[in-house]
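Structural description and commentary
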Amino acid sequence: MIWLLALLVLGLVGGWLAARLTQTDLATARTRMDGQLIKLSDGKTHFAWHGPEDGRVMVCIHGLSTPSYVWNALLPHLTAQGYRVLTYDLYGRGLSDRVPGPQTREFFMRQLRDLLASQEIDWPVTLCGYSMGGTIATARVVEAPDQVSQLILVAAAGLRTELGWFADLTARLPLFGDWLHGVAGPVLMNWELARTSRTGDLAAQMATRMQEDVRVEGTMAAILSATRNVLSEDMAEDHRLVAQSGVPVLAIWGSDDEVIPIWSLGELSRLNPAARQVRIDGADHRLVYTHAARIAEAVEESL
């Protein structure tokens, strides 16, 4: 038993040392940047515009750990439908600044408000939120329903999120949880990414990019902070308020999603009976890039 424990400790320490030795600073990561950086009230945000300049605007908000390139497979479909799409990296991810402090709802809402103001967007737009981005998009509708023409949710968090035992453990434990997340988190995430990368070329490409992002200093701390804060919120009341606002909602779910269980579809139906909902059979939590064409079809049908 002692030997097994010693081997486990050695494995974790070895993985932590490997992660530290291969850690990248943000300035180096930005040397390969597409898009632009803009200084907002809490730090620099990486963003990009896609599609026709006169198209109707859609703002896409990514999830907990996958930066804005998670939309790349969907973008050609959306721009072909005439959308002018704005993508950006949430603070602590991709090429946006690693901003210290709790990653709360207001923290992310302020970034979104600042970005929209910087781009002089003062008319109703379509908001599309994936996973954790769905909670941010939903919160924006509650805050300013007159500024949202449609809400699109793709495997949206906020009703039930299953991040796994490790995320639950580290989120609950102050100090020790921070240490454990910093030591073992990159190792476990890389193991999971390596496992899922074997399911196809696109999955392998995404896994490689995400493994690179995990190495950027401050990324793991941002993921833990968001898990403890914005992702811990129950969005049920927000969805009731969205229903009362009359903003049209399209919600898309994967039947095999283990992170956002498919029964969230039924829960949203109870909270917002008017929401149009689509179930994609065979799709897991990666559906935004593994089933991009089907998502685009659902978006087009909702117009």
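What this report covers is the structure whose coordinates are included nearby. Keep in mind that this is a model prediction, so the values were computed, not measured. (Residues numbered from 1 in each chain as written. Predicted model: local features only at pLDDT ≥ 70, side-chain atom pairs only at ≥ 80, totals over all residues. Heavy atoms only, no water.)

**Topic: helix α4 (residues 105–118)**
It helps to recall that an α-helix has 3.6 residues per turn; residues three or four apart then point in one direction. In a regular helix each residue adds 1.5 Å, so 14 residues correspond to 20 Å; α4 covers 20 Å between its end C-alpha atoms and thus fits that length. Listed in full, the buried residues belonging to α4 are Phe107, Phe108, Met109, Gln111, Leu112, Leu115 and Leu116. Among the structural elements, β1 (36–39), β2 (44–50), β3 (56–61), β4 (83–88), α5 (132–143) and α9 (219–228) are those in contact with the buried residues of α4. Following α4 by one or two positions, Glu120 has its phi on the positive side, about 55 degrees. (Helix = DSSP H or I, 4+ residues; strand = E, 2+ residues; numbered from the N terminus. Expected span 1.5 Å × (residues − 1). Buried < 20%, exposed > 50% of the residue type's maximum accessible area, 1.4 Å probe, protein only. Contact = heavy atoms within 4.5 Å.)

**A look at the packing of aromatic side chains**
Applying the stated criterion across every chain, the model contains 3 aromatic pairs. With a centroid separation of 5.4 Å and an interplanar angle of 50 degrees, the aromatic rings of Tyr91 and Phe107 are classed as tilted. Placement of the pair is Tyr91 in the loop between β4 and α4 and Phe107 in helix α4, with a sequence separation of 16 residues. The exposure classification of Tyr91 matches that of Phe107, with both residues buried. Their ring planes at 70 degrees and their centres at 5.1 Å tell us that Phe107 and Phe108 sit as a pair that is edge-to-face. Each member of the pair, Phe107 together with Phe108, is buried. Joined through ring pairs, the aromatic side chains of Tyr91, Phe107 and Phe108 make up one cluster. Positioned over the ring face of Tyr69 is Arg209, at 3.9 Å from the centre of the ring. (Phe/Tyr/Trp six-rings, centres within 6.5 Å; stacked < 30°, edge-to-face > 60°. Lys NZ or Arg CZ within 6 Å of the ring centre and 35° of its normal.)

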